[in-house]
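Residue-level structure breakdown
Here are the chains, one letter per residue:
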Amino acid sequence: MTQRYRTVDVSVRGGDLRVGIWDATDIAAPTLLLVHGVTASHRSWDLLAARLPGVRLVAPDLRGRGRSNAVTGPAGMTAHADDLACVLDAVGAQAVTVVGHSMGGFVACVLADQHAERVRSLVLLDGGLPLDVPAGLDADQVIAMVLGPTAERLAMEFADTDAYLGFWRRHPAFTEAWSRELEDYLAYDLVGEPPRLRAATSYATMAEDTVDLNGGAAPVQALARLRHRTLFVTVPRGLLDDEPGLYSDDRIPALLAGTPSVRHCRVDGLNHYTLVLSAPGADAVAGLIREEIARSLSLIPTENLDP
């Protein structure tokens, strides 16, 4: 089976969200809702989509990002969750498996809490559970600690697409993971006109979201009330290809304590970015998602699927 990629605009509070859809040829194919990270876009899922031809994939540019960067109004995890409910309405999807990467994992958890009937299960890719951020930091300190150069580039301008790609070529996360698909994803991120191109993500929206996911009321409540089956996937290296990753191995037991619905799987050899933005990462995630879809549809015994 093959997919047809298209985009649609979905009306939400404050404007329209751009939504990428990879249609499966089988009209009975299951639907996945894919939620990207804090400065990403729906194009971060291109590699995964190519590996799931029998699944309909629905992936928005979240408000303040990509071609949704003109949406006005407050951000935060609740706003994104409400937007996703609108997306599901627009594409005629009821209960779906939701896959969230990085910040998208926090959005997915809040969607599952506040719109529980729309979620069948969750796959959290290096996000969604509390980060190891000290209490008492202001917004800029949290952003610098969690995102570093990823946030700094939002204030930069680039003469052309090659200059922007050059910025990312120097990034340690992609030293061994550069690809044509990565270039396409990065090029989509640019808005404006040469020689004053810039990343599409709104710094103000990113800042609001970063503060909210690190201790905001909605994510804390969502985790405390988590009742959907959840697969939590971590990698050993972080945003700068550094060790440990966002979730060090010694923190995992405490994070999972009291959340019996959450299973953990570590995927070795990857960093926070390459988990979704590289062929090996997409291969691993696609395999985990196929297993989760089978679980959700009760096609295979769950006891045979522990990662």
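Quick note: structure is the one above.
Computed from a predicted structure; not experimentally measured. (Residues numbered from 1 in each chain as written. Predicted model: local features only at pLDDT ≥ 70, side-chain atom pairs only at ≥ 80, totals over all residues. Heavy atoms only, no water.)

1. Comments concerning empty space enclosed by the protein
Sizing a probe to match a water molecule and rolling it over the atoms shows the empty space that remains. Counted by the stated rule, this structure contains 3 cavities of 30 Å³ or more. Within this model, the largest cavity holds a volume of roughly 300 Å³. In terms of lining, the largest cavity is formed by 28 residues, of which the most central are Gly37, Val38, Ser102, Leu147 and His272. Those elements giving two or more residues to the lining of the largest cavity turn out to be helix H3 (103–114), helix H7 (180–188), helix H8 (203–213) and helix H11 (274–277). Across the lining of the largest cavity, the residue classes tally to 17 nonpolar, 9 polar and 2 charged. In this structure, the second largest cavity encloses a volume near 50 Å³. Lining the second largest cavity, in full, are Pro30, Thr31, Leu32, Thr97, Arg120, Ile293, Ser296 and Leu297. At the level of secondary structure, the elements contributing two or more residues to the lining of the second largest cavity comprise strand S3 (31–35) and helix H12 (279–296). In the lining of the second largest cavity, the residues fall into 4 nonpolar, 3 polar and 1 charged. (1 Å grid on protein atoms, 1.4 Å probe; cavity = no way out; pocket = protein on both sides within 12 Å on 5 of 7 lines; lining within 4 Å. Points joined across faces, edges and corners; volume = space filled by probe spheres on them. Helix = DSSP H or I, 4+ residues; strand = E, 2+ residues; numbered from the N terminus. Nonpolar A, V, L, I, M, F, W, Y, C, P; charged D, E, K, R; others polar.)

2. Considerations on unusual backbone geometry
For the peptide bond that leads from Pro194 to Pro195, omega is 5°, which places it in the cis range. For Pro195, the location among the structural elements is in the loop between strand S7 (190–191) and strand S8 (198–199). Cis geometry marks the peptide bond from Glu243 to Pro244, where omega comes out at -5°. In this fold, Pro244 is placed in the loop between strand S9 (229–234) and helix H10 (252–256). We note that Asp241 has phi near 60°; this positive angle belongs to a residue other than glycine. Note that Asp241 resides in the loop between S9 and H10.

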